[in-house]
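Chains, contacts and geometry: an overview
Listed below are the residues making up each chain.
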Amino acid sequence: MSVSPFLFETKGLTKSFGGLIAVNAVSIGFKECEAHAIIGPNGAGKSTFVNLLTGHLPASGGHVMYKGSDITRLPAHKVARLGIGRSYQKTNIFPSFTCFENCRLAAQSLLPHSMRFLRPAAAYREVSARASEALERAGLASRAGRMAGTMSYGEQRQLEIAMVLATAPQVLVLDEPLAGMGKEESEGMVRLLQDLARSYTLILIEHDMDAVFAIAKVLSVMVNGTLLESGPLDQIRASKAVQDAYLGDGAEAY
Ligand SMILES: Nc1ncnc2c1ncn2[C@@H]1O[C@H](COP(=O)(O)OP(=O)(O)OP(=O)(O)O)[C@@H](O)[C@H]1O
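This structure is a prediction, so every number in the text was calculated from the model and none was measured.

**Overview of the packing of helix H3 (residues 99-109) against helix H5 (residues 153-165)**
Remark: H3 packs on H5, axes separated minimally by 8 Å, with the N-to-C direction vectors making an angle of 35 degrees. As H3 packs across H5, the resulting crossing turns out to be right-handed. Residues Cys-99, Asn-102, Cys-103 and Ala-106 of H3 touch H5, and the partners they reach there are Leu-159, Ala-162 and Met-163. Each residue belonging to the contact of H3 with H5 can be placed in one class, and the counts come to six nonpolar, one polar and no charged.

**Quick word on the sheet that holds strand S4 (residues 35-39)**
If you trace the six strands from one edge of the open sheet to the other, you get S7-S8-S9-S4-S10-S11, paired in mixed fashion. Looking at strand neighbours, the two that pair on one side only are strand S7 (84-87) and strand S11 (226-232), the edges of this open sheet. For this sheet, the mean angle separating the axes of adjacent strands, direction not counted, is 15 degrees. Pairing of S4 with strand S10 (residues 218-223) involves four bridges; the strand directions are parallel. The partner of Ala-37 across the bridge, within S10, is Leu-219.

**A look at the layout of surface pockets**
Estimates place the volume of the largest pocket at around 490 Å³. Along the walls of the largest pocket sit 21 residues, with Arg-86, Tyr-88, Asn-92, Ser-109 and Thr-167 positioned nearest its centre. Secondary-structure elements contributing two or more residues to the lining of the largest pocket are helix H2 (76-81), S7, H3 and H5. Here the residues of the lining of the largest pocket are counted per class, giving ten nonpolar, nine polar and two charged. Mapping the lining of the largest pocket onto the domain boundaries places at least three of its residues in each of domain 1 (1-83 + 170-254) and domain 2 (92-168).

**Digging into the site of the ligand**
In the vicinity of the ligand, 14 residues are found, and the nearest of them are Asn-42, Gly-43, Lys-46, Ser-47 and Thr-48. Between the ligand and Ser-47 there is a distance of 2.8 Å, counted from an oxygen atom to a backbone nitrogen or oxygen. With respect to the ligand, the side chain of His-207 contributes an N or O atom lying 2.9 Å from an oxygen atom. Here the ligand loses 60% of its free accessible area of 630 Å² to cover by the protein chains. Going through the elements one at a time, strand S2 (20-26) and helix H1 (46-53) are the ones with two or more residues in the shell around the ligand. For the shell around the ligand, the leading source of residues is H1, giving three residues.

**Some thoughts on the domain arrangement of the chain**
As a measure of interface size, the accessible area lost when the parts come together is often cited. Domain assignment breaks the chain into domain 1 (1-83 + 170-254) and domain 2 (92-168). For domain 1 versus domain 2, the separation of C-alpha centres amounts to 25 Å. Taken residue by residue, the interface counts 20 residues in domain 1 and 16 residues in domain 2. Summed over both partners, the interface of domain 1 with domain 2 buries about 1,400 Å², with 59% contributed by carbon and sulfur atoms. When residues of domain 1 are sorted by the area they lose upon contact with domain 2, Arg-81, Glu-185 and Leu-192 head the list and together hold 35% of the total.

**Digging into unusual backbone geometry**
Positive phi values are uncommon outside glycine, yet Ala-25 reaches one of about 55 degrees. Taking the relative accessible area as the measure of exposure, Ala-25 reaches 47% and is therefore partly exposed. Even without being a glycine, Lys-67 presents a positive backbone phi close to 50 degrees. Relative to the helices and strands, Lys-67 is located in the loop between strand S5 (61-66) and strand S6 (69-70).

Reading the values: rules and limits
In this convention, every chain numbers its residues from 1, walking through the sequence in written order. Note on the predicted model: pLDDT of at least 70 is required for a residue's local features to be given, and 80 or more for side-chain atom pairs to be given and counted; whole-chain, interface and lining totals, by contrast, use all residues. To get the side-chain values, take all heavy atoms of the structure and skip hydrogens and water. To obtain each axis, a line is fitted to C-alpha atoms, and for helices this fit is confined to the stretch in contact; angles are then taken between N-to-C directions over 0 to 180 degrees. Segments assigned H or I by DSSP are reported as helices when at least four residues long, segments assigned E as strands when at least two residues long, and all are numbered from the N terminus. Should the near helix be turned anticlockwise from the far one by less than a right angle, the crossing is left-handed, and should it be turned clockwise, the crossing is right-handed. Whether two residues are in contact is decided by their heavy atoms: any pair within 4.5 Å suffices. When residues are grouped by polarity, Ala, Val, Leu, Ile, Met, Phe, Trp, Tyr, Cys and Pro land in nonpolar, Asp, Glu, Lys and Arg in charged, and all others, Gly among them, in polar. When DSSP finds two or more bridges between a pair of strands, those strands are recorded as paired. The way it works is a 1 Å grid over only the protein atoms, where trapped points that fit a 1.4 Å probe form a cavity and open points with protein on both sides within 12 Å along at least five of seven lines form a pocket, and then any residue with an atom within 4 Å of a point lines it. Grid points are joined across faces, edges and corners, and a volume is the space filled by probe spheres set on the points. In this entry, domain limits derive from an automatic or database-based domain assignment. Here, proximity means that at least one heavy atom of the residue falls within 4 Å of the molecule or strand. Distance and chemistry together define a polar contact, namely a pair of N or O atoms within 3.5 Å, with one atom able to donate a hydrogen and the other to accept it when in protein, and with adjacent residues in sequence counting only for side-chain atoms on both sides. Note that accessible areas follow from Shrake-Rupley with a 1.4 Å probe, and for residues the cover is restricted to the protein chains shown. Accessible area that two parts lose when put together, evaluated with a 1.4 Å probe and summed over both, is termed the buried area. For every residue, the accessible area (1.4 Å probe, protein chains only) is compared with the maximum for its type, and the residue is labelled buried under 20%, exposed over 50%, or partly exposed between those bounds.

Below, the structure is given as structure tokens:
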């Protein structure tokens, strides 16, 4: 039996909503510690695809493989516990809690089973340490005691990333992390994601093509639920099919 070169992989993944096939037999491989962006016009099926990847939606067909195991039927909380962290298009924080408390809650929610046997004080220390590390990694150490809802929009999106990091993931699945950000905030987020791409497997949905080109090493292009092409940045940039369908004259419209 051949060993897959991929950490995370879909095989013929399909999702229908009634008569609409939102994701149509999509097979994509994600290598360890590689930044991989999924791009495509509105309605191409990108969010549905990552919802299938992370167990937030049940697949109609096909498979999701992680470290050689079939995880297609696992619910979202079990997928998360395997080390697949996920952020959402909309901010998902508790605004009246501090940044530290938000991260601590995130860390606690995915406490590994092994840690459930720790005494409460030791578990509290471990969870607090994870929360502090995550804030530091996301560039928010100085904001630990700040009430989340009083921060700028850009910092709230950074906090969301910190909350995912607090769950000690190996894979980060980020759905439009730059959405709604101004120029300066976007630049800060790109730097953060470039840094994270050095230690995590990053799966990114993003419409900002400058950001995608600055962060991702591999691109997969979806159009109308199907995978048009998947490959290294230069291959996708040079692809006639991709230019015609997506990156051509109208690319900036997305
Ligand atoms: N829960 C649902 N029920 C019915 N149709 C849905 C559902 N979720 C998504 N769709 C449809 O599936 C298609 C793919 O949507 P999806 O949100 O995955 O696209 P997308 O590429 O993420 O778009 P965007 O870039 O605008 O976020 C669209 O036609 C959408 O209307």
